[in-house]
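Report on the structure
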Amino acid sequence: MLVSIIHRALGVGMALVGVPLFAWWLAAAAGGANSYGTFLDVFTTASGALNVVGYVVGIGLTWSVLQHMMTGIRHLVLDTGAGYELRRNKRGALATLVISTVLTIAYWAYLIGGR
């Protein structure tokens, strides 16, 4: 039940945070160097590295997308009629949280640690 609530909350969160940020990024890129510089100033430092806001938003949106995707895959499996046994269902719900967290850590370790 918790994973279902998280899935719905993340969908709303991505719609309310992710979509406007993406639209802002597109508008800033289309608006020229000054508007794009303003966008970058919110999320990066003078050296071009991410600041605290950039990390919080970036990692938060990455985890949100991955968790939402993992829960969607779980629901796809449930739609086939598999995984409705209580023990297996709880294991699948826990797996979505663990896998999305591990993938988020791996992705950001790759981005930060060097390609």
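Residues numbered from 1 in each chain as written. Predicted model: local features only at pLDDT ≥ 70, side-chain atom pairs only at ≥ 80, totals over all residues. Heavy atoms only, no water.

1. Brief notes about the overall build of the protein
Rules: Helix numbering and strand numbering both begin at the N terminus, where a helix is a DSSP run of H or I of at least 4 residues and a strand a DSSP run of E of at least 2. Two things to know: the radius of gyration comes from C-alpha atoms, and the globule rule equals 2.2 Å times the number of residues to the power 0.38. Categorising residues by exposure relies on relative accessible area from a 1.4 Å probe, with only protein chains included: less than 20% of the type maximum marks a residue as buried, more than 50% marks it as exposed, and the intermediate range marks it as partly exposed. A contact between two residues is defined here by any heavy atoms of the two lying within 4.5 Å. Per-residue and other accessible areas were derived by the Shrake-Rupley procedure at a 1.4 Å probe size, with only the shown protein chains allowed to occlude residues.
Along the backbone of the protein there are 4 helices and 0 strands. Taken from N to C terminus, the helices and strands of the protein fall in the order α-α-α-α. Its C-alpha atoms give the protein a radius of gyration of 18 Å, clearly above 13 Å, the size a compact globule of 115 residues would have. Taking all 115 residues of the protein together, the buried fraction comes to 25%. Sequence-distant contacts, at least 24 apart, represent 60% of the contacts inside the protein between residues at least 6 apart. Carbon together with sulfur atoms contributes 73% to the accessible area of the protein, which is approximately 7,700 Å² in total.

2. Examining the side chain of S64
Structurally, S64 is set in helix 3 (residues 52-79). With residues near it in sequence (within four places) discarded, S64 still touches L10 and M14.

3. Re the packing of helix 1 (residues 2-31) against helix 2 (residues 33-43)
Heads up, the rule is: Orientation is described by axes fitted as lines to C-alpha atoms, over the contacting stretch for helices, and by angles from 0 to 180 degrees between their N-to-C directions. Working definition: roughly parallel below 35 degrees, roughly antiparallel above 145 degrees, roughly perpendicular at 65 to 115 degrees, and oblique for all remaining angles. Nonpolar residues are Ala, Val, Leu, Ile, Met, Phe, Trp, Tyr, Cys and Pro. Charged residues are Asp, Glu, Lys and Arg, and all others, Gly as well, are polar.
Relative to each other, helix 1 and helix 2 sit at 140°, their axes nearing to 6 Å. By the criterion of interaxial angle, the relationship of helix 1 to helix 2 is oblique. Every residue of helix 2 that contacts helix 1 at L21, W24, W25, A27, A28, A29 and G31 is listed here: S35, Y36, F39, V42 and F43. When the residues that make up the contact of helix 1 with helix 2 are grouped by side-chain class, the tally is 10 nonpolar, 2 polar and no charged.

4. Overview of the packing of helix 3 against helix 4 (residues 86-113)
Let me state the cut-off plainly: The crossing is said to be left-handed when, going from far helix to near helix, the turn is anticlockwise and less than a right angle, and right-handed when the turn is clockwise.
Relative orientation of the contacting elements helix 3 and helix 4 amounts to 145°, with a least axis distance of 9 Å. Regarding helix 3 and helix 4, the two cross each other, and that crossing is right-handed. Looking at the contact of helix 3 with helix 4 residue by residue, the classes come out as 13 nonpolar, 10 polar and 1 charged.

5. Overview of helix 3
Threshold: To estimate the expected span of a helix, count its residues, drop one, and scale the result by 1.5 Å. For this analysis, a polar contact is any N or O atom pair within 3.5 Å, provided that within protein one partner can donate a hydrogen and the other can accept it, and provided that sequence-adjacent residues contribute only side-chain to side-chain pairs.
Here helix 3 is 28 residues long and its end C-alpha atoms lie 40 Å apart, about the 40 Å a rise of 1.5 Å per residue gives. Residues G54, G58, T62, S64, L66, Q67, M70, T71, R74 and L78 constitute the buried set of helix 3. At its buried positions, helix 3 is contacted by helix 1, helix 2 and helix 4. Capping of helix 3 at its N-terminal end is provided by N51; its side-chain oxygen lies 3.1 Å from the backbone amide nitrogen of V53. G81 lies just past helix 3 and shows a positive phi near 100°.

6. Looking at the packing of aromatic side chains
The criterion, for reference: Note on aromatic contacts: the rings of Phe and Tyr and the six-membered ring of Trp form a pair at centre separations within 6.5 Å, being stacked when their planes are under 30 degrees apart, edge-to-face when over 60 apart, and tilted otherwise.
A full pass over the atoms with the stated rule returns 7 aromatic pairs. Cluster of aromatic residues (ring-pair linked, three or more members): W24, Y36, F39 and F43.

7. Notes on the environment of G114
Along the polypeptide, G114 turns up in the segment after helix 4. In this structure, the C-alpha to C-alpha distance between G114 and R91, residues 23 residues apart in sequence, is 34 Å.

Read these as spatial facts, not as claims about activity.
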